[in-house]
Amino acid sequence: MAPLETPLPRSRGVSVASVFERYGLIVFLVALLLVAAALSPTFLRPANLVNVLTIAAPLGMVVVGQTFVILVRGLDLSVASLMATVAVLATAFKATTNDAIPIIFVAAIAFSAVVGLVNGWLVAKRNVSPFLATLAMMIILQGIRFGYTGGAPISTLPPGMGFLASGRIFGIPVNLITLALLAIVFGTVLHRSRLGREIFMVGSNPKAAFLNGVSPDRVIIFCYVVCSVCAGIGGLFLLGYVGTVSNWVGQGYELDSIVAAVMGGVALTGGRGNIFAALLGVAVLVVINNLVLLLGFPIEMQLIIKGIIIIGAAAFYRTRLA
Amino acid sequence: MSAVVAEFRRNRLSLSYVIVVALLILLVVAGGFLSDRFLTWRNFGNLFQQLVVLGMVSLGQTFVVLLGGIDLAVGSLVSASTVFIAHFLEWRPDLLWLALPLALIAATTIGALNGLLTIVLRVHPLIVTLGMSSIIFGGTLMYNKEPGGSVPRGLADFSYAKLWGIPVTAIVLVAIFALAGLWLQRSRSGRSIYFVGGDREAARLNGLPVSRIVVMAYALSGLCAGLAAIFLTARTGVGDPRIGTALTLQSITPVVVGGTVLAGGRGGVLGTLLGVLLVTMLNNLLNFLNVSSYYQWVIQGLIIIIAVSIHATKRRQ
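Just so it is clear, the model here is predicted, and its values are computed rather than measured.

S.K.: Where do I start with the interface of chain A and chain B in this structure?
M.R.: Where the parts come together, the accessible area they lose is often given as the size of the interface. Residue-level contacts link 41 residues of chain A with 40 residues of chain B. On the surface where chain A and chain B come into contact, there are one salt bridge. With its nearest N and O atoms 3.2 Å apart, the salt bridge here joins lysine 145 of chain B to glutamate 300 of chain A. On the surface where chain A and chain B come into contact, there are three residue pairs in polar contact (both at pLDDT 80 or more). Broken down by secondary-structure element, the contributors of at least two residues to the side of chain A that touches chain B are α5 (130-149), α11 (253-263) and α13 (300-321) of chain A. Broken down by class, the residue content of the side of chain A that touches chain B amounts to 27 nonpolar, nine polar and five charged.

S.K.: Got a minute to help me understand the packing of helix α3 (residues 74-91) of chain B against helix α5 (residues 125-143) of chain B in this structure?
M.R.: Helix-helix packing is characterised by the crossing angle of the two axes and by the distance between the axes. All names here are of chain B. Interaxial distance between α3 and α5 falls to 8 Å at its minimum, and their mutual angle equals 30°. Here α3 is positioned roughly parallel relative to α5, judged by the angle of their axes. The crossing of α3 and α5 is left-handed. Mapping the contact onto sequence places Ser76, Leu77, Ala80, Val83 and His87 in α3 and Ser133, Ile136, Phe137, Thr140 and Tyr143 in α5. Residue composition of the contact of α3 with α5, by class: six nonpolar, four polar and no charged.

S.K.: Which parts of the structure should I look at to understand α5 of chain A?
M.R.: Quick reminder: α-helices carry 3.6 residues per turn. Residues three or four places apart thus point the same way. Residue and element names in this part refer to chain A. In a regular helix each residue adds 1.5 Å, so 20 residues correspond to 28 Å; α5 covers 28 Å between its end C-alpha atoms and thus fits that length. Most of α5 sits out of view: 17 of its 20 residues are buried. Among the residues trailing α5, glycine 150 stands out with phi positive, at a value near 70°.

S.K.: Which parts of the structure should I look at to understand the nonpolar core?
M.R.: Among soluble globular proteins, nonpolar side chains are generally buried collectively. One finds Phe131 and Leu132 of chain A to be the most contacted residues of the largest nonpolar core, which totals 197 residues. Setting aside residues up to four positions removed in sequence, phenylalanine 131 of chain A forms contacts with Leu75 and Leu77 of chain A together with Ile70, Leu72, Leu126, Leu249, Ile252 and Leu262 of chain B.

S.K.: Looking at this structure, I do not really get a nonpolar patch on the surface. What am I missing?
M.R.: All names here are of chain B. On the surface, a cluster of nonpolar side chains totalling about 680 Å² of accessible area is made up of Leu15, Val18, Ile19, Leu23, Leu26, Leu302, Ile306 and Ile310. Those elements giving two or more residues to the nonpolar patch turn out to be α1 (2-34) and α14 (293-316). Ranked by residues supplied to the nonpolar patch, first place goes to α1 with five residues. By the secondary structure assignment, leucine 15 is in helix α1.

S.K.: Help me out: how do you make sense of helix α2 (residues 41-66) of chain B in this one?
M.R.: All names here are of chain B. With 26 residues, α2 ought to run about 38 Å at 1.5 Å a step, and its terminal C-alpha atoms sit 35 Å apart, in line with that. Within α2, the axis deviates most sharply at valine 52, by approximately 35°. Glycine 68 sits one or two positions beyond α2 and adopts a positive phi of about 90°.

S.K.: Just checking my understanding: could you explain the confidence of the model for chain A for this structure?
M.R.: Keep in mind that low pLDDT regions are not for reading the predicted coordinates in detail. Residue and element names in this part refer to chain A. Per-chain confidence: chain A averages 84 in pLDDT, with 91% of residues scoring 70 or above. At the level of individual helices and strands, chain A shows its lowest average pLDDT in helix α1 (residues 16-39), which scores 75, and its highest in helix α4 (residues 100-124), which scores 94. Here residues 1-13 is modelled with pLDDT under 50, and outside its nearest four sequence neighbours on either side it reaches 16 contacts, counting other chains as well.

S.K.: Before we go on, may I ask you to explain the packing of aromatic side chains in this structure?
M.R.: Aromatic rings in a pair are described by how distant their centres are and how their planes are angled relative to each other. By the definition in use, this model includes 13 aromatic pairs over all chains. An angle of 80° between the planes, with centres 6.3 Å apart, marks the rings of phenylalanine 105 of chain A and phenylalanine 237 of chain A as edge-to-face. Of this pair, phenylalanine 105 of chain A sits in helix α4 while phenylalanine 237 of chain A is found in helix α10 (residues 216-242), placing the two residues 132 residues apart along the sequence. Between tyrosine 294 of chain B and tryptophan 297 of chain B, the ring centres sit 6.0 Å apart and the planes meet at 40°, which makes this aromatic pair tilted. In this pair, tyrosine 294 of chain B and tryptophan 297 of chain B are both assigned in helix α14, three residues apart and thus about one turn of the helix distant.

S.K.: Teacher, can you tell me more about unusual backbone geometry here?
M.R.: Residues and elements named next belong to chain A. A positive phi angle is found at arginine 73, which is not glycine, with a value near 65°. As for its placement among the helices and strands, arginine 73 is situated in the loop between α2 (46-71) and α3 (79-92). Here arginine 73 falls in the partly exposed class, since its relative accessible area comes to 42%. The phi dihedral of asparagine 127 is positive, around 60°, even though this residue is not glycine. Assignment of secondary structure puts asparagine 127 in the loop between α4 and α5.

Analysis parameters
Residues numbered from 1 in each chain as written. Chains lettered and ligands numbered in written order. Predicted model: local features only at pLDDT ≥ 70, side-chain atom pairs only at ≥ 80, totals over all residues. Heavy atoms only, no water. Contact = heavy atoms within 4.5 Å. Salt bridge = Lys/Arg side-chain N within 4 Å of Asp/Glu carboxyl O. Polar contact = N/O pair within 3.5 Å; in protein donor to acceptor, adjacent residues only side chain to side chain. Helix = DSSP H or I, 4+ residues; strand = E, 2+ residues; numbered from the N terminus. Nonpolar A, V, L, I, M, F, W, Y, C, P; charged D, E, K, R; others polar. Axes fitted to C-alpha atoms, helices over the stretch in contact; angles between N-to-C directions. Parallel < 35°, antiparallel > 145°, perpendicular 65-115°, else oblique. Left-handed = near helix turned anticlockwise from the far one by under 90°. Expected span 1.5 Å × (residues − 1). Buried < 20%, exposed > 50% of the residue type's maximum accessible area, 1.4 Å probe, protein only. Core = buried A, V, L, I, M, F, W, Y, C linked by side-chain atoms within 4.5 Å. Patch = residues over 30% accessible without salt bridge, like charges linked within 9 Å, V, L, I, M, F, W, Y side chains within 5 Å. Areas by Shrake-Rupley, 256 points an atom, 1.4 Å probe, with all protein chains shown as cover. Bend = angle between axes of the 7 residues up to and from the residue. pLDDT = per-residue confidence, 0-100. Phe/Tyr/Trp six-rings, centres within 6.5 Å; stacked < 30°, edge-to-face > 60°.

What follows is the structure in structure tokens.
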């Protein structure tokens, strides 16, 4: 059997077009950073940059997972609801000491894995469209969560949870280290392993994958589990950032994570994309949001700009492929 | 061959309807036993009044889903339209005859723009309508963050008017559904939505103006959102920039429960009407039984999964 290359576009010649094609997002990001630095003197201050990155980290974790699901022609609308549910789960231990943190992590990851398993099972085995399966999961988790809390915010958390947001190891924020670890581990799985090749195969042609001895169902379920676990971990880190569990922790992350992945060139039609490019998408999204605030525009302007960028980015990748 | 296909399609559809109708009957009977206030004329009057807005938005969603698309901008569009109507009418209450058509034209235009963007940019409708939704929502909030405006007495009266004990708005809704159903089934342009939804490439090869049909379906979805906004503003008396947010996802449930397939090409508006009835009646009954709205969410999620699983399994057989 011929070696299967991951179907990423690889340019050989060095022309302006090919450079832009491969590094378009980086060029865009650098331009954005320059504009930001020129327009707002506060932007390049370390405090602001750390702030931007801290906001970006939990979203980045979700995007790592979302990329897996989109690669197999899916999407996961339940990630934000799962983040909030995991946050509520973290308070359920009513822990006041840091001994509980490992237990909280294990419980959160186990719970997320089960959610991902159900999502994947519905999509792969029951033929439910990913949109509806994860939409239903989003509503169900929301109901369970509100049913448990009665709608009231809770703040019984081990004091150490704040470390997840503001803690540093060797001067580097913990949440960024975690994001980097997640990206490296799952990036290796996706871009360097046999399983990763199978994911691309299932995403670009499920029938051909099946004929090559790959079980699409198992690959798809695996992707949904990865997505939910990443979202669960992201939920814990976001919880550390906001400190109190309102029932809406992470609201909007489902759409933002899809937007970031699409901007990073992950194709909604499946089989094409790169985790690290998707993370660049996160950076672009967060820098834009930050810039809107620094320039003193009303926060609603973020929504308008985000809308234009998501459509524009999707159109850009679409035409490039055609 | 096409006769066989048509027959199969009819049978499949009617089976979906039978399931939903059976569930509805079950619900009414169970409701009668479980609560003595459920099976009353008064409650059903309220219920029909409640389902008008959801029904209207879901109708628009049905056109788009039949086409194989999805419209995630409807919620923002409804909110924006209520804001427009209420503020316009606060400014000039006497220009009711102008405000409402203007709102409908604007909503239809934005809907058409959604369709046009999916065609011109060749971007997935999910992304286009999501982006548009964000733009519309942001724009509405920049205009006004809080609910505001007012409506003249006549419009408010319309939303509570009754004819032989039945809310006039509900009669209007059913009439619009009937028209939409007839149009989809009997007219050339209506049938073409099914063709394009079933197989876009084949429709193109058969000489159908695919682009125009796509734009038309999204425009209709926008029109329905505008109509829903009129009903909503009439009832609440204000324009609220957040009132429609939940409607986007809510509007999809009745469509899929009624047997319209997300992949497009199969389903119809009768199923959607039954779906709206089922969802609204179930929530109404659960309210009477004092089930918290939180668990109503869980039940709604389960309904989506069960309904879609049933339809999906049937398709495979």
